[in-house]
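# Architecture and fold: a report
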Amino acid sequence: MKTEKNQENGKTTLVIAGRLDTLNAEKLLQEINTMEEPLPKQLTVDCSKLEYISSSGLRAFITLLKKSQKAGGVVELTGISESVKEVFDITGFSSLFGIK
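Every residue gets a number counted from 1 within its own chain, in the order that chain's sequence is written. The predicted nature of this model means local features are confined to residues of pLDDT at least 70 and side-chain atom pairs, given and counted, to a pLDDT of 80 or more, with totals for whole chains, interfaces and linings taken over all residues. Values reported for side chains reflect all heavy atoms of the structure, with hydrogen atoms and water molecules removed beforehand.

### Brief notes about the pairing of strand 3 (residues 42-53)
- Any two strands between which DSSP finds at least two bridges are classified as paired. Numbering of helices and strands starts at the N terminus; helices are DSSP runs of H or I of at least 4 residues and strands are runs of E of at least 2. One ladder, built from eight bridges, connects strand 2 (residues 11-20) with strand 3; its direction is parallel. Paired with Ala17 across the two strands is Lys49, which belongs to strand 3.
- As defined by bridge partners, strand 3 adjoins strand 4 (residues 74-78) across five bridges and the pair is classed as parallel. Directly across from Leu43, in strand 4, lies its bridge partner Val75.
- Seen with its strands pointing away from the viewer, a crossover is right-handed when the path leading from the first strand over the helix to the second is clockwise. Handedness of the crossover joining strand 3 and strand 4 through helix 2 (residues 55-70) is recorded here as right-handed.

### Quick notes on the nonpolar core
- Grouped together as the largest cluster of nonpolar side chains are 28 residues, with contacts concentrated most on Phe61, Leu64, Leu77, Phe88 and Phe97.
- When contributions to this core are tallied by element, the ones reaching two or more residues are strand 2, helix 1 (22-33), strand 3, helix 2, strand 4 and helix 3 (82-91).
- At six residues, the largest contribution of residues to this core is made by helix 2.
- By the convention used here, residues are in contact when the closest approach between their heavy atoms is within 4.5 Å. Leaving out residues up to four positions away in the same chain, Phe97 has contacts with Phe61, Ile62, Leu65, Val75, Leu77 and Phe88. Nonpolar cores were defined as sets of buried Ala, Val, Leu, Ile, Met, Phe, Trp, Tyr and Cys residues, with membership established by side-chain atoms within 4.5 Å. Buried means the residue's accessible area, taken with a 1.4 Å probe over protein chains only, is under 20% of the maximum for its type, while exposed means over 50%, and partly exposed covers the values in between.

### Points about the packing of helix 1 against helix 2
- Direction vectors running N to C along helix 1 and helix 2 enclose 10 degrees, while the axes themselves pass 8 Å from each other. By the criterion of interaxial angle, the relationship of helix 1 to helix 2 is roughly parallel. Residues Thr22, Ala25, Glu26, Leu28, Leu29, Ile32 and Asn33 of helix 1 lie in contact with helix 2, whose contacting residues are Ser56, Gly57, Arg59, Ala60, Thr63, Leu64 and Lys67.
- Class assignment for the residues of the contact of helix 1 with helix 2 results in six nonpolar, five polar and three charged. Throughout, an axis means a line fitted to C-alpha atoms (over the contacting stretch in the case of helices), and angles, computed between N-to-C directions, take values from 0 to 180 degrees. Oblique is the label for any angle not under 35 degrees, not over 145, and not in the 65 to 115 range, which are roughly parallel, roughly antiparallel and roughly perpendicular in turn. Three classes are used, and their members are as follows: Ala, Val, Leu, Ile, Met, Phe, Trp, Tyr, Cys and Pro are nonpolar, Asp, Glu, Lys and Arg are charged, and the others, Gly among them, are polar.

### Things to note about the pattern of salt bridges
- A side-chain nitrogen of Lys or Arg and a carboxyl oxygen of Asp or Glu constitute a salt bridge if their distance falls within 4 Å. Throughout the structure, instances matching the rule amount to three salt bridges.
- Of the charged contacts, one joins Arg19 and Asp21 as a salt bridge, the two residues approaching to 4.0 Å between their closest N and O atoms.

Spatial relationships are all this shows, so hold off on functional conclusions.
Structure, rendered in structure tokens:
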């Protein structure tokens, strides 16, 4: 798994690439926990290169969502593949995030 944070025109995008499994989820959680406060009001997570997500990966997404909501922000997911979206749908997480 690889992550990249981009800021352009006042918009913050977090790109996640590869497999977000048990081995990599802890790395993402550490990155989330070290993000500067307050988080931007609008945070976009580009999932176009995300190949797989496990329950540990979902936990990292929930942590990001909670941290964003605490700051009064929202998290939007873009470029989500059908297989990853299916995991979000099955777990009910699709209703928690804005998915485009």
